[in-house]
Amino acid sequence: MLEHSPVTVSLSQLLPQLEAEGYAVLDATTVAQWAQHPIAELTALIPDWEGMPEDAYLKDGGHYRLRRHSCFVFENDKLTLAPARAHWQSLSYNALHGGMQRWFEPMHTTTVQQPVWIDLLSAFARSADALNRTKYPTRAVSRWCIEAHQFRIDTKDGIGRPTPEGAHRDGVDLVGVFMINRKNVKGGETRVFDAASTSGQRFTLSESWSLLLLDDARVIHETTPIQPAQPGGYRDTLVLTCRADSFQGE
């Protein structure tokens, strides 16, 4: 199957695109502008995806997903690391893994204390706030709750599933999916569907540090399984979710 590259937008087009379509894709150069750090500082984070522990909660019996998870709060224009908490989603948003407390190993302290990390997540929260002000002019949000997931989906057993729950929403205000690394795999097509109609888009994120932003109330998303193109194939992503006022299950 041919891979379709996404259509990307500039920073000035980001909010209008999210308003119009419910999603937007930024290339790596624009992500660096958004985070206000050179791309080399983002690239320096990539080794942090090595050596992650296996996700022990996969109900399909697979061993293809490695992950770390940490939580943050953006309040008074400042990002702080939140106390460790379980990742929780309701069954209405995740029919496969919802309704249970899932505890994952936290991200490395050296990762989350770096200025580039702090500014990246702060840019994400500010984008969520800008979208909120546009959609809900009378809803003022002072506290944005961010969950950050480092994922590696590998193909050591043949097939890896980035979204084993299928097409879904996450129960938050804004979702961000950063492509970190994609090596020796085929597949992994991203699909974004309008939640209120049959329209949708499909493309493959392949550029390191490109970013897909999703208005979670407007769209449903999924990523198709990956297969090895050569031995040792994997797909690394950083997934951020941002929710007004509280974490899910709080």
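This text gives an overview of the structure that appears in the document.

Criteria and thresholds
- Residues numbered from 1 in each chain as written.
- Predicted model: local features only at pLDDT ≥ 70, side-chain atom pairs only at ≥ 80, totals over all residues.
- Heavy atoms only, no water.
- Buried < 20%, exposed > 50% of the residue type's maximum accessible area, 1.4 Å probe, protein only.
- Helix = DSSP H or I, 4+ residues; strand = E, 2+ residues; numbered from the N terminus.
- Contact = heavy atoms within 4.5 Å.
- Polar contact = N/O pair within 3.5 Å; in protein donor to acceptor, adjacent residues only side chain to side chain.
- Phe/Tyr/Trp six-rings, centres within 6.5 Å; stacked < 30°, edge-to-face > 60°.
- Axes fitted to C-alpha atoms, helices over the stretch in contact; angles between N-to-C directions.
- Parallel < 35°, antiparallel > 145°, perpendicular 65-115°, else oblique.
- Nonpolar A, V, L, I, M, F, W, Y, C, P; charged D, E, K, R; others polar.
- 1 Å grid on protein atoms, 1.4 Å probe; cavity = no way out; pocket = protein on both sides within 12 Å on 5 of 7 lines; lining within 4 Å.
- Points joined across faces, edges and corners; volume = space filled by probe spheres on them.

## Observations concerning helix 2 (residues 28-35)
Within helix 2, six of the eight residues are buried, leaving the element largely enclosed by the surrounding structure. Every buried residue of helix 2 is listed here: Ala-28, Thr-30, Val-31, Ala-32, Trp-34 and Ala-35. Looking at the buried positions of helix 2, the neighbouring elements they touch are helix 1 (11-21), strand 1 (23-26), helix 3 (39-43), helix 5 (115-135), strand 5 (174-183) and strand 9 (211-215). Gln-36 sits one or two positions beyond helix 2 and adopts a positive phi of about 60°.

## Points about the side chain of Gln-248
Note that Gln-248 resides in the segment after strand 12 (234-244). The class of Gln-248 is buried, set by a relative accessible area of 7%. In this structure the side chain of Gln-248 is engaged in a polar contact, spanning 2.8 Å, whose partner is the backbone oxygen of Asp-170.

## Re the packing of aromatic side chains
A complete count under the given rule lists five aromatic pairs for this structure. Taking the centre distance of 6.2 Å and the plane angle of 25° together, the rings of Tyr-23 and Phe-203 count as stacked. In this pair, Tyr-23 is assigned in strand 1 and Phe-203 in strand 8 (residues 200-203), connecting sequence segments 180 residues apart. Its relative accessible area of 4% is what places Phe-203 among the buried residues. Look at Tyr-57 and Phe-104: their rings are 5.4 Å apart centre to centre, the planes differ by 75°, and that puts the pair in the edge-to-face class.

## A look at the packing of helix 2 against helix 5
Relative to each other, helix 2 and helix 5 sit at 90°, their axes nearing to 8 Å. Here helix 2 is positioned roughly perpendicular relative to helix 5, judged by the angle of their axes. For the pair helix 2 and helix 5, contact is made by Val-31, Trp-34 and Ala-35 and by Asp-119, Leu-120, Ala-123, Phe-124 and Ser-127, respectively. Here the residues of the contact of helix 2 with helix 5 are counted per class, giving six nonpolar, one polar and one charged.

## A look at empty space enclosed by the protein
Counted according to the given criterion, the structure contains three cavities of 30 Å³ or more. Considered as a void within the structure, the second largest cavity measures approximately 50 Å³ in volume. In terms of lining, the second largest cavity is formed by Ala-128, Leu-131, Asn-132, Lys-135, Tyr-136, Arg-139, Asp-173 and Asp-215. Per-element tally for the lining of the second largest cavity: the top contributor is helix 5, with four residues.

## So, the environment of Arg-143
Mapped onto the fold, Arg-143 is located in strand 4 (residues 143-154). The class of Arg-143 is partly exposed, set by a relative accessible area of 22%. Put simply, Arg-143 and Val-112 are 31 residues apart on the chain and 19 Å apart in space, counted from C-alpha to C-alpha.

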